[in-house]
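Secondary and tertiary structure notes
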Amino acid sequence: MIKTLIPILGDQLSTDISSLRGVKPADTHILMAEVWDEATYVRHHKKKIALVFSAMRHFAAELERLGFSVRYVRLDDDSNSGSLKGEVIRTLRQTAFDRIRITEPGEWRLREDLEGWSADLNIPVDILDDDRYLASHEDFRDWAQGRKQLRMEYFYRAMRRKTGLLMDAEGQPEGGRWNFDTENRKPAKADLLMPKPLRFDPDDTTRDVLALVASQFDAHFGDLEPFWFPVTREQAEAALDGFIDNALPWFGDFQDAMVAGEKFLYHSLLSSSLNIGLLSPLEVCQRVEMAYDEGKAPLNAVEGFIRQIIGWREYVRGIYWHEGPTYKNNNFFNAERPLPDFYWTAKTDMACMQAAIVQTKEEAYAHHIQRLMVTGTFALLAGVHPHDVHEWYLAVYADAFEWVELPNTLGMSQFADGGLLASKPYAASGAYINKMSDYCNECRYQVKIKHGQDACPFNYLYWDFMARHEAKLRGNPRLAMVYRSWDKMAMDTKQAHRESASAFLKDLA
Ligand code: FAD
Ligand code: DLZ
Ligand code: SF4
């Protein structure tokens, strides 16, 4: 009998993960470990650590129920070595195994570390594909091969064909169009009836974890309680059902909207459950498609939602692995400014930024447009170093794992890859935030004023950004209109924008 050790990582909490497939409980031993290295490679939000540890403990119990023998190492166990490799070494010292079998981790840092295990530990190590995703590394490479531009829209169409999601009997996209985004840009009003996401009360296991996190990670960013994330598959399924019943029908209409005091709007909040493995992307999309078939949600909502998962989510993962471990070093604009302190304290007069950061602190969650067009756009316009921006996003969101966070931050939001992922920088003045939200009503700055003390900082920072990076951006056809407006602008107006920006940025330092 060959004895196999199967380490399972904190974001691999699926019973059909490739490392467990086809193995017999009697021949295998599972290792799960809460370790300092993983809990501190960035200073994760307290809620994120609690989510991962609690979900790990629940998953270990489930595996035991299925008959597996699980060695579960807690963070405060006396001889915890502090690293995943250290825990494998400790296990191998106590029990002899013939081989290690592990599903590929979700980031280059651990992937590269794993490559050395076999030689260092003197045991065969099988690294299996993580096939919870729809596109394997090879699928993405084949798709990318020979293309001048790796645009998400074309990748998404390939995924629609591959999965058959929202495809009609003739092999054409349901409703005659691939994409209904033009119908999905409505601002929301505060008096709309907002759904309340399901909240899950901590059980004894979660309460133990909350006490551990409170005592060990007090200095980390974020509020630990109230804690209500789903931590088991059953809870995540209930959250999915709740989303489909209460929010999905309006998901499309208000996908890009922001409302003061409303943290979740019609978003699903499923990203953390998906990313740690409690839900699979295909099952989520199939359930959502079923809601459409049953007439419970319109096509613009269902298509928009499915596109986020089989389009964006798979696409950014493809980019992450395709571009390799040096992707994170890109800095197209040579941005050098350190991340302003208010990203941690929320002490800023900008109402939109304050709202996004406060809810990030409270919930370890902000929705896409807050991440992209508020905190992301501000960092881009202010010229913050993309690595600082990346580390902030990786730390503060419960759903943040590098394979998904890095391309979104560095590529989509900061344009630090020079346009591999986005066809133009997501730069915008205050007018965009004013159109999509009601934040400006309560702000100390005036969104209609373009420069000077009372002007919205997004306004002059926008023009300053365009002027600073003219050499790199003027040739971009999608920015032709922007530079035409800049060219037509009176010299003293240009000057006023730049002076306001310079004074604001000096204060920021
Ligand atoms: P919904 O709006 O309900 O969308 C449904 C699902 O679609 C999400 O759960 C998610 O799985 C998927 N999705 C939507 N947009 C994207 C996207 N751009 N990339 C990948 N998947 C997407 N998402 C993460 O999962 N982890 C991250 O660390 C992360 N970092 C981000 C950083 C920046 C700067 C930006 C702009 C976006 C980031 N996103 C990240 C994408 C997106 O903001 C989140 O997936 C989404 O806000 C999660 O909330 P939700 O589950 O309510 O999403
Ligand atoms: C995010 C995280 C945290 C906070 N802690 C652990 C841990 O203690 N043990 C573990 O196995 N995984 C943890 N994780 C998830 C890993 O960081 C994740 O598997 C890698 O980042 C690869 O995606
Ligand atoms: Fe944000 Fe400017 Fe509006 Fe204030 S005025 S909320 S800073 S966009």
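A brief look at the structure comes next. Every value quoted in this text rests on a predicted model; they were computed, and no experiment measured them.

Moving on: the overall build of the protein. When you go through the protein residue by residue, the secondary structure sums to 23 helices and 5 strands. On C-alpha atoms alone, the protein measures out to a radius of gyration of 24 Å, which is about the 23 Å that the 2.2 N^0.38 rule sets for 509 residues. Its C-alpha atoms give the protein principal-axis dimensions of roughly 80 × 55 × 50 Å. When each of the 509 residues of the protein is scored for burial, the buried share is 58%. Contacts spanning at least 24 positions in sequence make up 75% of the contacts within the protein whose residues lie at least 6 apart. The centroid of the 60 positive side-chain charges in the protein is displaced by 5 Å from the centroid of its 74 negative side-chain charges.

So, on to the side chain of Gln-414. Here Gln-414 is to be found in the loop between helix 18 (402-413) and helix 19 (430-436). Using a relative accessible area of 4% as the deciding quantity, one classes Gln-414 as buried. At 2.9 Å, the side chain of Gln-414 forms a polar contact with the backbone oxygen of Gly-376. Engagement of the side chain of Gln-414 in a polar contact is seen with the backbone nitrogen of Leu-380, the distance being 3.3 Å. Apart from the residues lying within four places of it in its own chain, the contact partners of Gln-414 are Phe-333, Gly-376, Ala-379, Leu-380, Val-384, Val-389 and Thr-409.

Attention shifts here to the site of ligand 3. Around ligand 3 sit Met-350, Ala-351, Cys-352, Gly-430, Ile-433, Tyr-439, Cys-440, Cys-443, Tyr-445, Val-447 and Cys-456, and those are all the residues in its vicinity. Of the residues contributing to the shell around ligand 3, the split by class is 10 nonpolar, 1 polar and no charged.

On to the packing of helix 13 (residues 299-323) against helix 18, then. Direction vectors running N to C along helix 13 and helix 18 enclose 85°, while the axes themselves pass 8 Å from each other. As the angle between them shows, helix 13 and helix 18 are arranged roughly perpendicular. Residues Trp-312, Arg-313, Val-316, Arg-317, Ile-319, Tyr-320 and Trp-321 of helix 13 lie in contact with helix 18, whose contacting residues are Glu-402, Trp-403, Val-404, Leu-406, Pro-407, Asn-408 and Met-412. Here the contact of helix 13 with helix 18 is composed, by residue class, of 10 nonpolar, 1 polar and 3 charged.

Our next topic: the packing of aromatic side chains. By the definition in use, this model includes 35 aromatic pairs. Members of the aromatic cluster, each reached through a chain of ring pairs, are Phe-342, Tyr-343, Phe-378, Trp-392, Tyr-393, Tyr-397, Phe-458, Tyr-460 and Phe-504. Of note, Arg-371 hangs over the ring of Tyr-397, and the distance from its end group to the ring centre comes to 4.0 Å.

Turning our attention to the pattern of salt bridges. Per the counting criterion, the structure on display carries 31 salt bridges. Two residues, Glu-38 and Arg-109, come together in a salt bridge whose shortest N-O distance is 2.7 Å. Taken together, the positions of Glu-38 in helix 1 (residues 36-40) and Arg-109 in helix 4 (residues 108-115) put the pair 71 residues apart, joining distant regions of the chain. Given the relative accessible area of 31%, Arg-109 is considered partly exposed. Close ionic contact of Lys-361 with Asp-223 constitutes a salt bridge, the shortest N to O distance being 3.3 Å. With Lys-361 in helix 15 (residues 351-363) and Asp-223 in the loop between helix 8 (204-216) and helix 9 (233-246), the pair connects residues that are 138 residues apart, well separated along the chain.

You can see His-220 is positioned in the loop between helix 8 and helix 9. Accessibility expressed as a relative area gives 7% for His-220, which makes it buried. Separated by 106 residues in the primary sequence, His-220 and Leu-114 place their C-alpha atoms 28 Å from one another. Apart from the residues within four sequence positions on either side, His-220 is in contact with Ala-39, Thr-40, Val-42, Arg-43, His-44, Lys-46 and Ile-49. At a separation of 2.8 Å, a polar atom in the side chain of His-220 contacts the main-chain carbonyl oxygen of His-44.

A few words now on the site of ligand 1. The full set close to ligand 1 counts 29 residues, and His-267, Ser-268, Leu-269, Asn-275 and Tyr-365 are the nearest of them. Between ligand 1 and His-267 there is a distance of 2.7 Å, counted from an oxygen atom to a side-chain nitrogen or oxygen. Within the contact set of ligand 1, a nitrogen atom lies 3.0 Å away from a backbone nitrogen or oxygen of Asp-399. Protein chains shield 99% of the accessible area of ligand 1, which is 820 Å² for the free molecule. Mapped by element, the contributors of at least two residues to the shell around ligand 1 are helix 11 (271-276), helix 13, helix 16 (368-382) and helix 18. For the shell around ligand 1, the residue count by class is 15 nonpolar, 10 polar and 4 charged.

On the secondary structure map, Ala-427 appears in the loop between helix 18 and helix 19. Along the backbone, Ala-427 and Gln-495 are 68 residues apart, and their C-alpha atoms lie at a distance of 20 Å.

All right, on to helix 12 (residues 281-293) then. Here helix 12 is 13 residues long and its end C-alpha atoms lie 18 Å apart, about the 18 Å a rise of 1.5 Å per residue gives. When helix 12 is considered as a whole, its buried residues turn out to be Pro-281, Glu-283, Val-284, Cys-285, Val-288, Glu-289, Ala-291 and Tyr-292. The inward-facing, buried residues of helix 12 abut helix 9, helix 10 (248-251), helix 11 and helix 13. Trailing helix 12 by a residue or two, Gly-295 shows a phi angle of about 75°, which is positive.

Turning our attention to unusual backbone geometry. Note the cis peptide between Glu-225 and Pro-226, where omega equals 0°. In the Ramachandran plot, Asn-122 falls in the positive-phi region, its phi being about 55° despite a non-glycine side chain. By relative accessible area, which is 70% here, Asn-122 ends up exposed. Here the phi dihedral of Leu-265 falls at roughly 45°; this positive angle occurs in a residue that is not glycine.

Moving on, we come to helix 22 (residues 480-488). Of all the residues in helix 22, the buried ones are Val-482, Tyr-483 and Trp-486. Taken around the axis of helix 22, the buried residues stretch over an arc of 90°, which confines them to a single face. Turned more than 90 degrees away from the buried face of helix 22, the exposed residues are Met-481 and Lys-488. Looking at the buried residues of helix 22, the elements they touch are helix 20 (457-468), helix 21 (470-473) and helix 23 (491-508).

Cut-off values and rules
Residues numbered from 1 in each chain as written. Chains lettered and ligands numbered in written order. Predicted model: local features only at pLDDT ≥ 70, side-chain atom pairs only at ≥ 80, totals over all residues. Heavy atoms only, no water. Helix = DSSP H or I, 4+ residues; strand = E, 2+ residues; numbered from the N terminus. Rg over C-alpha atoms; globule rule 2.2 N^0.38 Å. Buried < 20%, exposed > 50% of the residue type's maximum accessible area, 1.4 Å probe, protein only. Contact = heavy atoms within 4.5 Å. Lys, Arg positive; Asp, Glu negative; His and termini not counted. Charge placed at Lys NZ, Arg CZ, Asp CG, Glu CD. Polar contact = N/O pair within 3.5 Å; in protein donor to acceptor, adjacent residues only side chain to side chain. Near = heavy atom within 4 Å. Nonpolar A, V, L, I, M, F, W, Y, C, P; charged D, E, K, R; others polar. Axes fitted to C-alpha atoms, helices over the stretch in contact; angles between N-to-C directions. Parallel < 35°, antiparallel > 145°, perpendicular 65-115°, else oblique. Phe/Tyr/Trp six-rings, centres within 6.5 Å; stacked < 30°, edge-to-face > 60°. Lys NZ or Arg CZ within 6 Å of the ring centre and 35° of its normal. Salt bridge = Lys/Arg side-chain N within 4 Å of Asp/Glu carboxyl O. Areas by Shrake-Rupley, 256 points an atom, 1.4 Å probe, with all protein chains shown as cover. Expected span 1.5 Å × (residues − 1). Arc of directions from axis to C-beta.

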